[in-house]
Amino acid sequence: MPRTSKTTLVLGGGNALGAYLAGAYEHLHRQDVQPDWIVGASVGAVTGAILAGNAPEHRLEKLGQFWAEATQHTYGALGGNETLRQTYNGMHSVMTLLFCRPNIFQRRYPGLWSILPWVPNDVAIYDHSPLRSTLERLVDFERLNRAEVRHTVGCVDLESGEEVYFDNTREEIRPEHILASTAITPAFPPVEIGGRLLCDPGYANNLPLDPLFDEPLDQDLLCIAVELFSLRSPQPASLDAVLERTQDILFATPARRTVKALQREYALREQIEPKGPRVRLLHLAYQAASHELATKTFDFSPSSIADRRAAGERDMAVGLKLLREEEGLDGRFRYWSIDSEKAAEFGAPAASKSELVRAA
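Keep in mind it's a predicted model, so treat the numbers as computed, not measured. (Residues numbered from 1 in each chain as written. Predicted model: local features only at pLDDT ≥ 70, side-chain atom pairs only at ≥ 80, totals over all residues. Heavy atoms only, no water.)

Let's talk about the overall build of the protein chain
When helices and strands are counted, the protein chain shows eleven helices and twelve strands. Compactness check: the protein chain gives a C-alpha radius of gyration of 20 Å against a globular reference of 21 Å for 360 residues, within 12% of the reference. Across its three principal axes, the protein chain shows a C-alpha extent of roughly 70 × 50 × 35 Å. Counting every position in the protein chain, which comprises 360 residues, the buried fraction comes to 56%. Carbon and sulfur atoms provide 55% of the accessible area of the protein chain, an area that totals close to 16,100 Å². Positive and negative side-chain charges of the protein chain, numbering 38 and 48 respectively, have mean locations separated by a distance of 3 Å. (Helix = DSSP H or I, 4+ residues; strand = E, 2+ residues; numbered from the N terminus. Rg over C-alpha atoms; globule rule 2.2 N^0.38 Å. Buried < 20%, exposed > 50% of the residue type's maximum accessible area, 1.4 Å probe, protein only. Areas by Shrake-Rupley, 256 points an atom, 1.4 Å probe, with all protein chains shown as cover. Lys, Arg positive; Asp, Glu negative; His and termini not counted. Charge placed at Lys NZ, Arg CZ, Asp CG, Glu CD.)

Some words on a nonpolar patch on the surface
On the surface, a cluster of nonpolar side chains totalling about 340 Å² of accessible area is made up of Tyr75, Leu78 and Met91. Position of Tyr75 among the secondary structure elements: in the loop between helix 3 (56–70) and helix 4 (82–99). (Patch = residues over 30% accessible without salt bridge, like charges linked within 9 Å, V, L, I, M, F, W, Y side chains within 5 Å. Salt bridge = Lys/Arg side-chain N within 4 Å of Asp/Glu carboxyl O.)

Observations regarding the pattern of salt bridges
Two side chains that carry opposite charge are able to pair once their charged atoms sit near each other. All chains considered together, the criterion is met by 23 salt bridges. One salt bridge connects Arg132 with Glu176, and the closest N-O pair in it is separated by 3.5 Å. Taken together, the residues Arg132 in helix 5 (residues 130–138) and Glu176 in helix 7 (residues 175–181) connect sequence positions 44 residues apart. Taking the shortest distance from any N to any O, the salt bridge between Asp167 and Arg170 comes out at 4.0 Å. Taking relative accessible area as the criterion, Arg170 reaches 53% and is therefore assigned exposed. Residues joined by salt bridges that share partners form a network here, namely Glu26, Arg30, Arg309 and Glu313.

Some points on the pairing of strand 1 (residues 5–11)
By the criterion of burial, strand 1 is predominantly enclosed, with five of the seven residues buried. Judged from the seven bridges that link them, strand 1 and strand 9 (residues 220–227) form a sheet pairing that is parallel. Each residue of the ladder has a partner; that of Thr7, found in strand 9, is Leu222. Note that strand 1 and strand 2 (residues 37–41) share four bridges and pair parallel. Paired with Thr8 across the two strands is Trp37, which belongs to strand 2. Regarding the hand of the β-α-β motif, the stretch spanning strand 1, helix 1 (residues 19–30) and strand 2 is right-handed. (Pairing = 2+ DSSP bridges. Right-handed = clockwise from strand over helix to strand, strands pointing away.)

Regarding the packing of aromatic side chains
Here the structure, examined in full by the defined rule, presents twelve aromatic pairs. Ring plane angle 25° and centroid distance 5.7 Å describe the contact between Tyr203 and Phe251, whose orientation is recorded as stacked. Taken together, the residues span a long stretch of sequence, with Tyr203 in helix 8 (residues 202–205) and Phe251 in helix 10 (residues 239–272) at a distance of 48 residues. In this structure Tyr203 comes out as partly exposed when scored by relative accessible area, which is 41%. Residues Phe213 and Tyr266 carry aromatic rings whose centres are separated by 6.4 Å and whose planes lie at 70° to one another, so their mutual orientation is edge-to-face. Taken together, the residues span a long stretch of sequence, with Phe213 in helix 9 (residues 210–213) and Tyr266 in helix 10 at a distance of 53 residues. Residue classification places Tyr266 among the buried residues on the basis of a relative accessible area of 4%. An aromatic cluster of at least three residues, connected via ring pairs, comprises Phe105, Tyr126, Phe188 and Phe298. Directly above the aromatic system of Trp37 lies the positively charged group of Arg150, at a separation of 3.8 Å from the ring centroid. Looking at Arg269, its charged tip hangs above the ring of Tyr266, at a distance of 5.4 Å from the centre. (Phe/Tyr/Trp six-rings, centres within 6.5 Å; stacked < 30°, edge-to-face > 60°. Lys NZ or Arg CZ within 6 Å of the ring centre and 35° of its normal.)

Looking at a positive patch on the surface
A surface patch of like charges, here positive, comprises Arg256, Arg257, Lys260 and Arg264. With respect to the secondary-structure elements, Lys260 resides in helix 10.

With respect to helix 10
With 34 residues, helix 10 should cover 50 Å at 1.5 Å per step; its first-to-last C-alpha distance of 50 Å lies within 8% of that length. Of all the bends found along helix 10, the most pronounced is centred on Ala252 and spans about 40°, while Pro254, a proline, follows it within four residues. (Expected span 1.5 Å × (residues − 1). Bend = angle between axes of the 7 residues up to and from the residue.)

Some points on the environment of Asn205
Mapped onto the elements of the fold, Asn205 is located in helix 8. Residues Asn205 and Glu163 lie 42 residues apart in sequence; the distance between their C-alpha atoms is 8.1 Å. In this view, Asn205 contacts Glu163, Tyr165, Asp210 and Pro254; residues no more than four positions away in its chain are not counted. Separated by 3.2 Å, the side chains of Asn205 and Glu163 make a polar contact. (Contact = heavy atoms within 4.5 Å. Polar contact = N/O pair within 3.5 Å; in protein donor to acceptor, adjacent residues only side chain to side chain.)

Some thoughts on the environment of Leu207
By the element assignment, Leu207 lies in the loop between helix 8 and helix 9. Taking the C-alpha atoms as reference points, Leu207 and Gly76, 131 residues apart in sequence, are found 31 Å from one another.

Regarding the pairing of strand 10 (residues 279–285)
Along any regular strand, the residues point their side chains to alternate faces of the sheet. Counting buried positions over the seven residues of strand 10 gives seven, a clear majority of the element. Both faces of strand 10 are covered, namely the face carrying Val279, Leu281, His283 and Ala285 and the face carrying Arg280, Leu282 and Leu284. Pairing of strand 9 with strand 10, which is carried by seven bridges, proceeds in the parallel orientation. Note on strand 10: the bridge partner recorded for Leu221 is Val279. With helix 10 bridging strand 9 and its parallel neighbour strand 10, the resulting β-α-β unit is right-handed. Relative to strand 11 (residues 333–338), strand 10 runs parallel, the two being bridged by six bridges. By the bridge assignment for strand 11, Leu281 is matched with Tyr335.

Shown next, in the form of structure tokens:
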């Protein structure tokens, strides 16, 4: 009997870096790879809601609309000089912090002013309620809650630190669940749902692989995990680069720990039940270009958004090619971790500085 496989998509958080998710999904869509289950955190939850809440033929259009509205309507970067590009990126990050993005967040009062002793206290700098209106325009929540595509949204309880997951096969997913998943503190305020104060899970588990393995597997599993921070980087040579690396390590480390735990678990499972359901885990990680800054998650410039989408599309193409080439490999758990520095070996452009690593 041929083995059947479930296809899952796990999408991490990273605000403006989420354009990489859009590019990665665009390639999946063109290859007719449709997920049965999407797990998302932060902008990954937004992306997952747009995908699960629209018919396949409308998903790219709605995803493109979200990023068209999020992108700053300015000029593209001029020339290839790295210093000029860093200045360009930095200016757009400052513009975002000053003027916000109208389809995602707006100013909040007193917000940052609350640090002054004579101003009333506040819990966030910005207000991300505009995202609710965006979701209501771009997501058919009735369709999403029919669970034709399973969608799981990750959050964290701000008081207990416990990870909290909402799943459209168990409960109704509403815009406030997505807002809770995107409430990265202290930028955005936590969201109260069911008496719990919930926020973005990024500090705890930015790439939520765990829900896939909380239930016993009854068939093979293909998991495509797309992360927006990378553990790989050249040695930092400036204060900004150190800050960027600190951010990358903070957000990317939990996923590495989860993968290592899965490798240990399935090594034992293979000894006990070698013919049991197999797991194939393709792990893509966006590795920022050398001109990106520590404020990259607020850089919604046209050039940066376009670069990230192109990187996601390129890396996904490499990943799918690798999966096809090694489709018949034995073993209950196979893992491939992909960024792009050596992607030229697999037919992708060599312009990126990321690296492809393969591990059994």
